[in-house]
Amino acid sequence: MKKGILLSVASSALFATMYYYATLMQPFDGDIVFAWRILMGLPMLALVVQRARGWGAVRQTARDFSRGRFLAAMIACSLLLGVQLWLFVWAPLHGHALNVSMGYFLLPLVMVLVGRLFYRERLSAWQTWAVAFAALGVGHEWWRLGAVSWTTLLVALGYPPYFMLRRRLRVDALTSLWFDMFFLLPAAVLVLQSQGADVVRLFAQHPRLILQVPVLGLLSAVSLAMYLAASRILPLTLFGLLSYVEPMLLFWVAFLLMGEPVTPAQWLTYIPIWIAVGLVAAEGARNLRGRAVSTGGRRSD
């Protein structure tokens, strides 16, 4: 259990580090950083698959590509995730780091609503209050600006279709992620080809980038490996609770390290959303503790 918690928190810390690391790769823009993340991350992911002995599942899934609809759905999954991977490295370079962190705060709450609307899962009293507080925060932001940032909406509303489609395909997480990255490889190559001369010039002008690019792939692969390892070790409830560590770290990285300002009025948006996240986390911790007590009681009998 302790090892799983350590791996989960460490992976969140590495994701937050990569969020800030993207800003250190300037003058590369977000498109080029995204392309290098895919290009360098894929071989690193191959090592993760090898260590997990997952190539058999990869080959089995590839054989299923003979079904056209299955292949189309897998490509759609890849495109949905690709948008999120691009946004993750584009946002900190273009002043949207805080907006993206808010999207990650809202995502678990949106998934609660998706479960209710599409899978007829009932909301508990805690979840109902959480959704109400989240709606209050989003409503305040809408009232303050007349809209919610498109980057916030892209995270909060863009991930659920990906998770729903992946759930429908019934492909294990590591195999699905391998093909997600594999299908994004042509896009990464096209981005680098379209800016080939500029990329070579930037490498010549900033030799540090020659070392920074492989480190980007290493950060991506190690954080992913830790995340997947934690998902296999921890109970799902505890694993879900620890997923709230990442958006919290992203917020403080954007606020403290990137210098994105938070006005007094914006705190009235963030605080209700944080209360909502706290309610969901508290309910999960309560349920987890109850199961632990129940299990301990059965073992003592």
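The shown structure was predicted, so the numbers you read here are calculated from the model rather than taken from an experiment.

What counts, and where the lines are drawn
Residues numbered from 1 in each chain as written. Predicted model: local features only at pLDDT ≥ 70, side-chain atom pairs only at ≥ 80, totals over all residues. Heavy atoms only, no water. Phe/Tyr/Trp six-rings, centres within 6.5 Å; stacked < 30°, edge-to-face > 60°. Buried < 20%, exposed > 50% of the residue type's maximum accessible area, 1.4 Å probe, protein only. Axes fitted to C-alpha atoms, helices over the stretch in contact; angles between N-to-C directions. Helix = DSSP H or I, 4+ residues; strand = E, 2+ residues; numbered from the N terminus. Parallel < 35°, antiparallel > 145°, perpendicular 65-115°, else oblique. Left-handed = near helix turned anticlockwise from the far one by under 90°. Contact = heavy atoms within 4.5 Å. Nonpolar A, V, L, I, M, F, W, Y, C, P; charged D, E, K, R; others polar.

Visitor: Can you walk me through the packing of aromatic side chains in this structure?
Guide: To describe a pair of aromatic rings, one takes the distance between the centres and the angle between the planes. Overall, the coordinates contain 29 aromatic pairs when judged by the stated rule. Ring centres 5.9 Å apart and planes at 35° place the aromatic pair Phe65 and Phe70 in the tilted group. Classification of Phe65 by relative accessible area gives buried; the value is 17%. Relative to Phe183, the ring of Phe182 lies with its centre 6.0 Å away and its plane at 65°, an arrangement referred to as edge-to-face. A network of ring pairs unites the aromatic residues Trp55, Phe65, Phe70, Trp178, Phe179, Phe182 and Phe183 as a single cluster.

Visitor: So what exactly am I meant to see when it comes to the packing of helix 5 (residues 97-118) against helix 12 (residues 245-257) here?
Guide: Describing two packed helices takes the angle between their axes plus the distance from one axis to the other. It is the contact of helix 5 with helix 12, at a shortest axis distance of 9 Å, that shows an interaxial angle of 165°. In terms of orientation, helix 5 and helix 12 fall into the roughly antiparallel class. Handedness of the crossing formed by helix 5 with helix 12: left-handed. Across the interface between the two elements, Ala97, Leu98, Ser101, Tyr104 and Phe105 of helix 5 pack against Pro247, Met248, Leu250, Phe251, Ala254 and Phe255 of helix 12. Considering only residue class, the contact of helix 5 with helix 12 consists of ten nonpolar, one polar and no charged.

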